[in-house]
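The lines below spell out each chain.
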Amino acid sequence: MTRTPCLLYLISPLDVGGDFPDRLAEALDAGPVAAFQFRVKGLEQHEAAELAEPLQAICAAHDVAFIVNDDVALAKRLDADGVHLGQGDGDPREARRELGANAQIGVTCHASRHMAMEAGEAGADYVAFGAFFPTATKAVEHHAEPEILEWWQGMFELPCVAIGGITAENARPLVDAGADFLAVSSGVWAHPDGPAAAVAAFTALLKDQPAG
């Protein structure tokens, strides 16, 4: 089975106001990015949609998939490319009915092989494992090891995403273990040299992959 190269999947910080659209454009100009996940908390839908719209336009201009975190109704309102569901955020089958056959539906599976298999059976387009490293983005309750990526790649064709504290400096074992995507938030947005430098560093890392 031929493996496709690992790609970068950006996750927004919780604050996407102010100059964030410019920072997103800067990041997407710096190297290939497969997807961008819009992740905000505690906003009513109208406010979230207003924040999302300029970011969605930037993603479209860069041919980057725009994925909404946790909110199927917002994804539908925005006609987003897909939705990412946590374990408590609904069923992939329901999301598919709401969003249609072409939507990209991802599911958080923590470090659970069982959850991942269930997500695949429910029609998810990708499964996400993590956290692989400590992260300041959210409280880490589940720790995953690279072996789960190796196991998944050996058993299933469905893409897998590695998430949790990933930086260009620590990501190599996850790429080697079989991650199809590296989901990164603070590793890009909190990079001391800015998001473009971070994406450039990931681009250099991901260019150096063995053929599949």
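Now for a quick tour of the structure. Each chain carries its own residue numbering, running from 1 in the written order of its sequence. Local features are withheld for residues below a pLDDT of 70 in this predicted model, meaning they are given only at 70 or higher, and side-chain atom pairs are given and counted only at 80 or more; totals for whole chains, interfaces and linings count all residues. With hydrogens and water set aside, each side-chain value is computed from the structure's full complement of heavy atoms.

## Focus on helix 4 (residues 92–99)
Residues that lie three or four places apart on an α-helix share one face, since the helix turns once every 3.6 residues. A distance of 2.5 Å separates the backbone nitrogen of arginine 93 from a side-chain oxygen at the start of helix 4, and that oxygen is part of aspartate 91. Each helix is a run of DSSP H or I of at least 4 residues and each strand a run of E of at least 2, with the numbering of both proceeding from the N terminus. In the stretch just after helix 4, glycine 100 is the one whose phi turns positive, near 95°. Counting of polar contacts relies on pairs of N or O atoms within 3.5 Å, with two restrictions inside protein: one atom must be capable of donating a hydrogen and the other of accepting it, and residues adjacent in sequence are counted only when both atoms are side-chain atoms.

## Considering the packing of aromatic side chains
For Phe, Tyr and Trp, rings pair up if their centres lie within 6.5 Å, where Trp contributes its six-membered ring, and each pair is then called stacked (planes under 30 degrees apart), edge-to-face (over 60) or tilted (otherwise). On inspection of all chains with the given rule, the structure shows 9 aromatic pairs. Between tyrosine 9 and tyrosine 126 the ring centres are 5.8 Å apart and the planes differ by 75°, which places this aromatic pair in the edge-to-face class. On the criterion of sequence distance, the pair formed by tyrosine 9 in strand 1 (residues 7–11) and tyrosine 126 in strand 6 (residues 126–130) is long-range, its members being 117 residues apart. Take tyrosine 9 and tyrosine 126: they sit in the same class, and that class is buried. Aromatic ring contacts, followed pair by pair, group Phe20, Phe36, Phe38, Phe66 and Trp189 into a single cluster. Only protein chains enter the calculation, and the probe is 1.4 Å; a residue is then buried if its accessible area is under 20% of its type maximum, exposed if over 50%, and partly exposed in between.

## Some points on the pattern of salt bridges
By definition here, a salt bridge exists when the distance from a side-chain nitrogen of Lys or Arg to a carboxyl oxygen of Asp or Glu is within 4 Å. Enumeration over the complete set of coordinates arrives at 7 salt bridges. A salt bridge links aspartate 70 to lysine 41; the shortest N-O distance between them is 2.8 Å. With a gap of 29 residues between them, aspartate 70 in the loop between strand 3 (65–69) and helix 3 (72–78) and lysine 41 in the loop between strand 2 (35–38) and helix 2 (45–61) connect regions that are remote in the sequence. Residue aspartate 70 is classed as partly exposed on the basis of its relative accessible area of 23%.

## Regarding the sheet that holds strand 7 (residues 160–163)
Spatial strand order, 1-2-3-4-5-6-7-8: 8 strands in a closed barrel with parallel pairing. In this sheet, adjacent strand axes meet at a mean angle of 25° when their direction is disregarded. Strand pairing is assigned whenever DSSP identifies at least 2 bridges connecting the two strands. In terms of strand pairing, strand 3 meets strand 4 (residues 82–85) through 3 bridges, oriented parallel. Residue pairing in the sheet places asparagine 69 in a bridge with histidine 84 of strand 4. Fitted lines through C-alpha atoms give the axes, limited to the stretch in contact for helices. The angle between two N-to-C directions lies from 0 to 180 degrees.

## Concerning the environment of proline 192
Along the chain, proline 192 falls in the loop between helix 8 (186–189) and helix 9 (195–207). Here proline 192 falls in the exposed class, since its relative accessible area comes to 76%. Counting along the chain gives 98 residues from proline 192 to glutamate 94, while the straight-line C-alpha distance between them is 41 Å.

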